[in-house]
Each structure stands twice: as C-alpha cells, then as structure tokens.
Amino acid sequence: MNSNKHTYNIITLCGSIKFKDEFIKVQEKFTLDGNIVLIPNFFNNIKKENIDKKTKQMLDEMHKQKIDMCNEIYVINVGGYIGESTKTEIEYAKVKGKKISYLESIK
C-alpha cells in the first residue's frame, strides 16, 4: 500500500444535459485541479424523450448515489437555468449537508 496516498475531493456535477459542452469543460478543469469528478450519464444516441419512466427513475437514483459519494456538488446553470431534476438534486444535496457551488451566481 502506498503511504503517500492522497485523499481527493469528490465533486458531482449537476445540471441539464443540454449543457454537455460546459459539463465536459468543467470536468476537465476540476480533474486537472486534483478533484475526482462524477457526472451525469450522457447518451449521444438516445433522446431524453425516448427514455422510459423506469429507466429515468434508475438514472435519477444513480445520480443521487453520486451525490452521496461526493463532498460537494457543482451546478452547471448556464444562463441561470436550473431545471426540475436539478432543483431536486440541489435539495437532496442540501439535506445531505453537501457543499453547493454554481457555475453562474444565483440571484
């Protein structure tokens, strides 16, 4: 076992998947800054409308488990946009006592 083991901060990114490009930029920056970054699952070949209710529920639960695993969440709120799913994730993170940061300052 390596005794120089570093404990990295874990950040979960939250936000609308329509901001995929911003997620990728932020993920790269945070990773290079020395963080472990958990992101939503992006599906290039499946439209959001084509995901059935059971699968959507599973993906939401997975993302909440990512929030459980992290130290903080970082909300990708381009143009101040925060959708219903993201609002739910922010509330969940608050209940779990996670640090919450935003890409753009919230009013």
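Residues numbered from 1 in each chain as written. Predicted model: local features only at pLDDT ≥ 70, side-chain atom pairs only at ≥ 80, totals over all residues. Heavy atoms only, no water.

Asks: What is the right way to look at the nonpolar core in this model?
Replies: Soluble globular proteins tend to pack their nonpolar side chains together in the buried interior. Grouped together as the largest cluster of nonpolar side chains are 10 residues: Ile11, Leu13, Phe19, Phe23, Val26, Phe30, Val37, Ile39, Tyr74 and Ile76. Counting residues per element, the ones that place at least two in this core are strand S1 (9-15), helix H1 (20-32) and strand S3 (72-76). Here Ile76 is in contact with Cys14, Gly15, Ser16, Phe19, Glu22, Phe23, Val26, Tyr81 and Leu103, once residues within four sequence places are set aside. Counting nine residues, the second largest nonpolar core, distinct from the first, contains Ile67, Cys70, Val75 and Tyr92. (Core = buried A, V, L, I, M, F, W, Y, C linked by side-chain atoms within 4.5 Å. Buried < 20%, exposed > 50% of the residue type's maximum accessible area, 1.4 Å probe, protein only. Helix = DSSP H or I, 4+ residues; strand = E, 2+ residues; numbered from the N terminus. Contact = heavy atoms within 4.5 Å.)

Asks: For this particular structure, what's the right way to read the side chain of His63?
Replies: Residue position: His63 is located in helix H2 (residues 53-69). Given a relative accessible area of 6%, His63 falls into the buried group. Excluding anything up to four places from it in sequence, His63 contacts Thr12, Leu13, Cys14, Ile39, Pro40 and Glu89.

Asks: Before we go on, may I ask you to explain the pattern of salt bridges in this structure?
Replies: When their charged atoms lie close together, side chains carrying opposite charge are able to pair. Overall, the coordinates contain six salt bridges when judged by the stated rule. A salt bridge links Lys56 to Asp60; the shortest N-O distance between them is 2.9 Å. Of this pair, Lys56 and Asp60 are both found in helix H2, four residues apart, which corresponds to roughly one turn of the helix. With a relative accessible area of 32%, Lys56 lands in the partly exposed category. Note that Lys96 and Asp68 form a salt bridge whose closest N and O atoms lie 3.9 Å from each other. Pair noted here: Lys96 is in the loop between helix H3 (84-95) and strand S4 (99-102) and Asp68 is in helix H2, with a separation of 28 residues, a long-range link. Exposure remark for Lys96: the relative accessible area of 42% places this residue in the partly exposed category. (Salt bridge = Lys/Arg side-chain N within 4 Å of Asp/Glu carboxyl O.)

Nothing here speaks to function; it is all geometry.
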